[in-house]
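Residues per chain are reported as follows:
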Amino acid sequence: MEKRMTESELLGNFREAIENEYIFVVYQPQINHSTGRMIGAEALVRWKDPENGMQFPSDFIPVLENNGLIFDTDIHVFEMVCKFQRKCLDEGMGLIPISVNMSRFDIYDHNYVEQIEEIRKKYDIPVKYLRIEITESSAIGGIELVSDVLDKLHELGYLVEMDDFGSGYSSLNILKDLDVDIIKLDMTFLSGNIGGRGGTILSSMVNMARWLKTPVIAEGVETMTQADYMNSIGCNYIQGYLYYKPLREEEFIKEISVLNHEPTVSDMSLIDTIEAGKFWNPESMETLIFSNYVGAAAVFSYDSRDESVEVLRVNKKYIKEVGMGRSEKEIISSDPWENQDEKDRKLFMDTVKKAIESGEEEVCEHWRTVCTEMCGVEKICVRSSIRIIGRTENRYLFYTMVRNITAEKKQYNELYNSERRFRFASEQANVYAWEYDIATKRMRPCYRCMRDLGLPPLLENYPEPAIDAGIFPQDYADMYRGWHKKLEEGVDHLEAIIPLTIGRVPFHVRYTTEFDENGKPLKAYGSATMVVEDEENPEGNPEENPEN
C-alpha cells in the first residue's frame, strides 16, 4: 500500500534510500517518429520506500531541494546511469545517449562538473553517451554562472540539452546567451486544440531551432495527433507516453535490444529559396502546392556515409502514380532498395550525387519492382526529377517529381524492335535509317550510315555534323535545320526529296515523330531512300524548297 511520506520521513529516510537504491532511475526512450528508431533516453529519478511505497517526484524533489540534498541525489542518479552504461558495454549491447538532469542547486557551491567527470572516468563511459539536461528556469538569474558551467561541459565533450524550453518567460534571451546543443520543447502548448496560437508558437520554435542547426525533441507527447503535427512542422524526435512511459532498467534493456538506434542530428538548413517552416507547415501554401498541384512528388533524405535513402513524405498523386496500391505508411516504411537491381540503384544514386554537385534538377529513368497484395509483382519504370533542398554535414534532403513511364518504355521497346527489323531489311535495299532524340539533339545512325558515310555511332548537336560533313548540301542546310525546329514544335511527319552527298544523289527523306502520353515529342525516326527515275517529287510544300 502506498502512503505519502511527510517531510520529516523523507529527510530521515534519505541516506538509507541512497545506500539501498530505494532512490533509483527509470528511463524514458526518445524516438524518431518518422523512422520508429530510438535516438536516446532521459534518466528520471524515482523513490520507492520499502514501507510506504512509491513517492511522487513532485512530493520529494522540492523537499530535497529545500534541504540541500538534491545535489547528492543528482550525483547518485548520474552514477547509476554510468553503472547501467557500463553493464551494457560489458554485455555487448549497443549504447544510446542518456540524458541526466542538472539542477541549479548543482552548480551553486558545488563542483558538479568535476564530480560527474570523475564518475564517468571511473566507469570508463564514452562521453558521447552521456548528456546533461538543464531546465530553462534553472538559468534565470544566473546566466553567467550557467554559461561557464556549459563551457566546461563542452570542453569535456558533453552535449547539453535545454529542458522545458518555452515554458518560462525569457526563452529567447536564454537561448541567445546559452550555447545548448539540443532543445526539448514543452508540449503544454498543444494541451488544447492542435494548431491555433499554440501550434504557431511551436512551429516558430522549430523554425528557430533549424536556423540555429539545433535538434529539437518534443517532450510530453501523448497522442498520435500531437506527434503527427510535430512531424508536419519539422520536429521528428518524440518523447512521451505515446511511445513509452518511463521504464525500469530491465524493461529498458529489452527495448534497447530490439529497437534500431540512430544518432540525433540537427535539422537541415534548407537552401535559401525554401522556407523550412512553410515547407513543413500543413496549412502553408508550399504544402498545399506539394499536396495538390505539382503532380506526383516525394521528399527523401540521403546519408552519404552509408548511401542510405529514406522516404520522408509523399503526396496523394505519388501514391496514385507509383504506389501500386500501397498506402502512404507502407511506402514510407518500406526499403527504397527492395527489389531494385544494382544497375538501377547505381543509376539513381549517381543522379542523387550529381544533384548535390550541381545544385540543379537532375533526371533519371530507372526500373523498380513493386510487390503488393493488390497488384502482385509489378515492374515499373519511373522518371525521377531530383533537386536538393537541404543539407547537413552528411545528410541531404531532396524533393523529387516522379512519373510512371512504364507504358512509354514498352511502346518505345516495341518501336525499337520494329526499327531494328526495319534496319536489318534496309541493308538489302538503298535505304538509310536513323533515330533522333529531340530533347538532346542526339542522332544514332544505322549500320549502313556508319559504313557508307563514315558516321560515328552517336552524333551530338544533330544535324550540324551531317551538314559539316557534306551529307546534306549547303543549299539545303537551312531547310533541314528548319525541319528539326518543326520536330521540336511537334510536327508528326516530314518528307521531301533532297540531293545528298557531294554527288547530289536524290533521296526521299522522311521523318516520323514519336510522342509521349501528354503529346510531347520524344523521338523522330528518319529514313532516306534512293529515288528511282520515275518517282514523283513529293516536295509540294514551298517551304521545303531551298529556292524560296
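Structure first, text after, so check above.
Values in this document were obtained by computation on a predicted structure and should not be read as measured data.

**Things to note about the side chain of Asn-404**
Phase 1: Structurally, Asn-404 can be placed in strand E15 (residues 395–404).
Phase 2: A distance of 2.5 Å separates polar atoms of two side chains, one belonging to Asn-404 and the other to Thr-406.

**Describing the packing of aromatic side chains**
Aromatic rings in a pair are described by how distant their centres are and how their planes are angled relative to each other.
Phase 1: Under the counting rule described, the total for this entry stands at 15 aromatic pairs.
Phase 2: Centre to centre, the rings of Trp-47 and Phe-60 are 5.6 Å apart; their planes meet at 70°, and the pair counts as edge-to-face. In this pair, Trp-47 is assigned in strand E2 (residues 38–49) and Phe-60 in helix H2 (residues 57–66), connecting sequence segments 13 residues apart. Each member of the pair Trp-47 and Phe-60 is classed as buried.
Phase 3: Grouped by ring-pair contacts, the aromatic residues Trp-434, Tyr-436, Tyr-462, Phe-472, Tyr-480, Trp-483 and Tyr-511 constitute a single cluster.
Phase 4: If you follow Arg-248 out to its NZ or CZ, it ends over the ring of Phe-24, 4.1 Å from the centre.
Phase 5: Positioned above the aromatic ring of Tyr-432 is the side chain of Arg-448, whose terminal nitrogen or guanidinium carbon lies 4.5 Å from the ring centre.

**What to know about the state of the cysteines**
Phase 1: Counted by the stated rule, this structure contains zero disulfides.
Phase 2: Sulfur of Cys-381: no disulfide; nearest cysteine sulfur belongs to Cys-364 and is 9.2 Å away.
Phase 3: When its relative accessible area of 1% is taken as the criterion, Cys-381 is described as buried.

**Some words on the pairing of strand E11 (residues 297–303)**
Phase 1: Buried residues dominate E11, accounting for seven of its seven residues.
Phase 2: Alignment of E11 against E15, held across seven bridges, turns out to be antiparallel. Paired with Tyr-302 across the two strands is Tyr-396, which belongs to E15.
Phase 3: In this structure, E11 lies alongside strand E12 (residues 308–314), joined through six bridges in antiparallel fashion. Bridged to Phe-300 within E12 is Val-311.
Phase 4: Between the antiparallel neighbours E11 and E12 lie four residues, among them Glu-307 with a positive phi of about 55°.

What counts and what doesn't
Residues numbered from 1 in each chain as written. Predicted model: local features only at pLDDT ≥ 70, side-chain atom pairs only at ≥ 80, totals over all residues. Heavy atoms only, no water. Helix = DSSP H or I, 4+ residues; strand = E, 2+ residues; numbered from the N terminus. Polar contact = N/O pair within 3.5 Å; in protein donor to acceptor, adjacent residues only side chain to side chain. Phe/Tyr/Trp six-rings, centres within 6.5 Å; stacked < 30°, edge-to-face > 60°. Buried < 20%, exposed > 50% of the residue type's maximum accessible area, 1.4 Å probe, protein only. Lys NZ or Arg CZ within 6 Å of the ring centre and 35° of its normal. Disulfide = S-S within 2.5 Å. Pairing = 2+ DSSP bridges.

Keep in mind that these numbers describe shape and distance, not what the molecule does.
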